[in-house]
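# A structural walkthrough
Spelled out, the chains give:
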Amino acid sequence: MGNVVVLGIFVADATFRADRQPKIGETLLGRSFALGPGGKGSNQAVAAGRAGADVTMLTRLCRDTFGAMAKQVWAEAGVTSAAIEGDTPTGAAFIFIEHGTGDNAIIVAPGAAGELSVSDIEANADLIGGASVFMTQLEQPMAAAFRALDVARAGGAVTILNPAPGAALPDGMLALCDYVTPNETEAEDLTGIPVTDQDSARAAAAALLEAGVQKAAVLTLGAQGAYYHGAEHSLLVPAFNAGPVAETTGAGDAFNGAFATALAEGRDPVEAARFGCATAAISVTRPGAAASMPLRAEIDALLAG
């Protein structure tokens, strides 16, 4: 089995629930508070680790409380840390959730991971280029992601870009990607095609291949599953039903981590997407993001069922 390297960010998610947001200068009593691990790259690495991958997380941390949290979360999931440590505080996110409606407002301060640079990528070129599968997102600086995809591709790694959060991509970036895994909104951001059904998903995916993606676009469609479009296959990979939905926060990260894991194991990419859908289906039955990621035995049991 091959290895997976994930470039991304870790942030500590501080989640507050209250009846409403405070006005400027106002103090409100909240209903609850929770502190836990976050950051798309970290969540995807945890998903891959719990799914059975030999996975390494490359990011920047500080030697502080939140940095220690990251290392503990990764160790418990079987993720190897390749974190670069410095003096800038580890990132954090403020998440406000309105009681009753579930509406949210979020402020993300990437902190240390916001300083990931091209020089950091060059310093870790052997790790990135030696991966079987390399995956990144768009929460860290774009220049670092672009260079890392270039290094990974030159080294022979299978490359995955999860283009989240949505952003304009530099010319040539998609051509460095074997697979791109946007959700409906991100696919529309990249192609200008609103994704509302299978036909529009196919059209958006085809546009991504025309824009340079090498093997396939895999659009995650929530409760519908994932739409896979490549040179050999174009089909909807249906979602699984693993039980009542508790929270969907970690679903996309669960899919991506599991998809990378299956590709590293040498699975057919459509089967890898099915593996990802099963993993995401289990994750949404649990609260949280990293905490919701299932173990390999659970994924295999759902697939066997």
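Reference entry: report on the structure contained in this document. Just so you know, the residues in each chain are numbered from 1, in the order the chain's sequence is written. Given that the model is predicted, a residue must reach a pLDDT of at least 70 before its local features are reported, and side-chain atom pairs must reach 80 or more before they are shown or counted; all residues, however, enter totals for whole chains, interfaces and linings. Heavy atoms throughout the structure, all of them, feed into the side-chain values; hydrogens and water do not.

## Focus: the sheet that holds strand β1 (residues 3-7)
Rule in force here: Following DSSP output, two strands are said to pair if at least two bridges run between them. Helix and strand labels come from DSSP, where a helix needs a run of H or I of at least four residues and a strand needs a run of E of at least two; each type is numbered from the N terminus. Two residues form a contact once any of their heavy atoms are found within 4.5 Å. In this description, a line fitted to the C-alpha atoms serves as the axis of each element, helices being fitted only across the stretch in contact, and the angle between N-to-C directions of two axes falls anywhere from 0 to 180 degrees.
Here 9 strands make up an open sheet; going across it, the order is β6-β4-β1-β10-β11-β12-β13-β14-β15 and the pairing mixed. This sheet does not close on itself; its edge strands, each paired only once, are β6 (79-81) and β15 (234-238). As judged from the 2 bridges shared by strand β12 (residues 179-180) and strand β13 (residues 216-220), these two strands associate in the parallel manner. Bridge pairing in β13 links tyrosine 179 to alanine 216. Helix α9 (residues 269-283) contacts β12, β13, β14 (225-230) and β15 of the sheet and is inclined by roughly 25° relative to β15.

## Here's the deal with the state of the cysteines
Stated precisely, the cut-off is as follows: By disulfide we mean two sulfur atoms from cysteines, separated by a distance within 2.5 Å.
Inspection of the entire model under this criterion finds 0 disulfides. In this model cysteine 277 remains outside any disulfide bridge; the closest cysteine sulfur is found in cysteine 177, 20 Å from its own.

## Here's the deal with the nonpolar core
General note: in soluble globular proteins, nonpolar side chains tend to be found buried as a group. Spelled out, the test is: Note on terminology: a nonpolar core comprises buried Ala, Val, Leu, Ile, Met, Phe, Trp, Tyr and Cys residues joined through side-chain atoms within 4.5 Å. Each residue gets one of three labels from its accessible area relative to the maximum for its type: buried under 20%, exposed over 50%, partly exposed in between, using a 1.4 Å probe on protein chains only.
Judged by nonpolar contacts, the single largest core of 53 residues is most densely connected at Trp74 and Phe259. Once residues within four sequence positions are removed from consideration, phenylalanine 259 is found in contact with Ile160, Tyr179, Thr181, Val218, Pro269, Ala272, Ala273 and Gly276. Residues Leu149, Ala205, Val213 and Leu219 belong to the second largest nonpolar core, which totals 35 residues.

## Re the side chain of arginine 60
Here is the rule we go by: Polar contact is the term for a pair of N or O atoms within 3.5 Å; when the atoms are in protein, one must be able to donate a hydrogen and the other to accept it, and sequence-neighboring residues count only if both atoms are side-chain atoms.
By secondary structure assignment, the location of arginine 60 is in strand β5 (residues 60-62). Among the polar contacts listed, one links the side chain of arginine 60 to the side chain of aspartate 120, at a separation of 2.9 Å. In this structure arginine 60 touches Ile84, Ala112, Ala113, Glu115, Leu116 and Asp120, once residues within four positions along its chain are discounted.

## Topic: the packing of α9 against helix α10 (residues 296-304)
The condition that has to hold: Roughly parallel means an angle under 35 degrees; roughly antiparallel means over 145; roughly perpendicular covers 65 to 115; every other angle is labelled oblique. The handedness criterion is simple: a crossing whose near helix is rotated anticlockwise from the far helix by less than a right angle is left-handed, and one whose near helix is rotated clockwise is right-handed.
Orientation of α9 relative to α10, taken along the N-to-C sense of each, is 110°, at an axis distance of 9 Å. In terms of orientation, α9 and α10 fall into the roughly perpendicular class. Judged by the twist between their axes, the crossing of α9 over α10 is right-handed. In this structure, α9 uses Arg274, Phe275, Ala278, Thr279, Ala281 and Ile282 to contact α10, whose residues at the interface are Arg296, Glu298, Ile299, Asp300, Leu302 and Leu303.

## Examining the sheet that holds strand β2 (residues 11-18)
Here we have 4 strands laid out as an open sheet, ordered β3-β2-β8-β9, and mixed in their pairing. In this open sheet, the two edge strands, each paired with only one partner strand, are β3 (32-38) and β9 (104-111). With direction set aside, neighbouring strand axes in the sheet form an average angle of 15°. Note that strand β8 (residues 90-98) and β9 share 7 bridges and pair antiparallel. Within β9, the residue paired with alanine 93 across the bridge is valine 108. The strands that helix α2 (residues 65-77) touches are β2, β3 and β8; relative to β3, the one it contacts most, it runs at about 65°.

## Digging into a nonpolar patch on the surface
Here is the rule: Patch membership requires over 30% relative accessible area and the absence of a salt bridge. Like charges are linked within 9 Å, and nonpolar side chains (Val, Leu, Ile, Met, Phe, Trp, Tyr) within 5 Å. Surface accessibility follows the Shrake-Rupley procedure with a 1.4 Å probe radius. Residue values consider only the protein chains on display as shielding. The rule for a salt bridge is simple: a side-chain nitrogen of Lys or Arg has to be within 4 Å of a carboxyl oxygen of Asp or Glu.
A contiguous nonpolar surface patch, about 470 Å² in accessible area, is contributed by Phe16, Phe33, Leu35, Phe94 and Ile107. Relative to the assigned elements, phenylalanine 16 resides in strand β2. Overall, the relative accessible area of 35% leaves phenylalanine 16 in the partly exposed class.

## A word on the environment of cysteine 277
Its place among the elements puts cysteine 277 in helix α9. Taking C-alpha positions, cysteine 277 is 6.2 Å from glycine 225, a pair spaced 52 residues apart along the chain. Ignoring sequence-local partners within four residues, the contact set of cysteine 277 consists of Gly225, Ala226, Val237, Pro238, Phe240 and Phe255.

## Quick look at the side chain of threonine 15
Position of threonine 15 relative to the elements: it lies in strand β2. Other than its neighbours up to four places away in sequence, threonine 15 contacts Ser32, Phe33, Ala34, Ile95 and Ile97.

## Let's talk about the pairing of β15
Bridge analysis of β14 against β15 gives 5 bridges, and the strand direction is antiparallel. Residue pairing for β15: tyrosine 228 is matched across the bridge by leucine 235. Between β14 and β15, which follow one another and run antiparallel, lie 3 residues.

## Some remarks on the packing of helix α8 (residues 251-264) against α9
Formally: Polar here means any residue outside two lists: the nonpolar Ala, Val, Leu, Ile, Met, Phe, Trp, Tyr, Cys and Pro, and the charged Asp, Glu, Lys and Arg; Gly therefore counts as polar.
For the pair α8 and α9, interaxial distance at closest approach is 7 Å and the crossing angle is 145°. With respect to the hand of their crossing, α8 and α9 are arranged in right-handed fashion. Across the interface between the two elements, Ala251, Ala254, Phe255, Ala258, Phe259, Thr261, Ala262 and Leu263 from α8 touch Pro269, Ala272, Ala273, Phe275, Gly276, Cys277, Thr279, Ala280 and Ser283 from α9. Residues that form the contact of α8 with α9 fall into these classes: 13 nonpolar, 4 polar and no charged.

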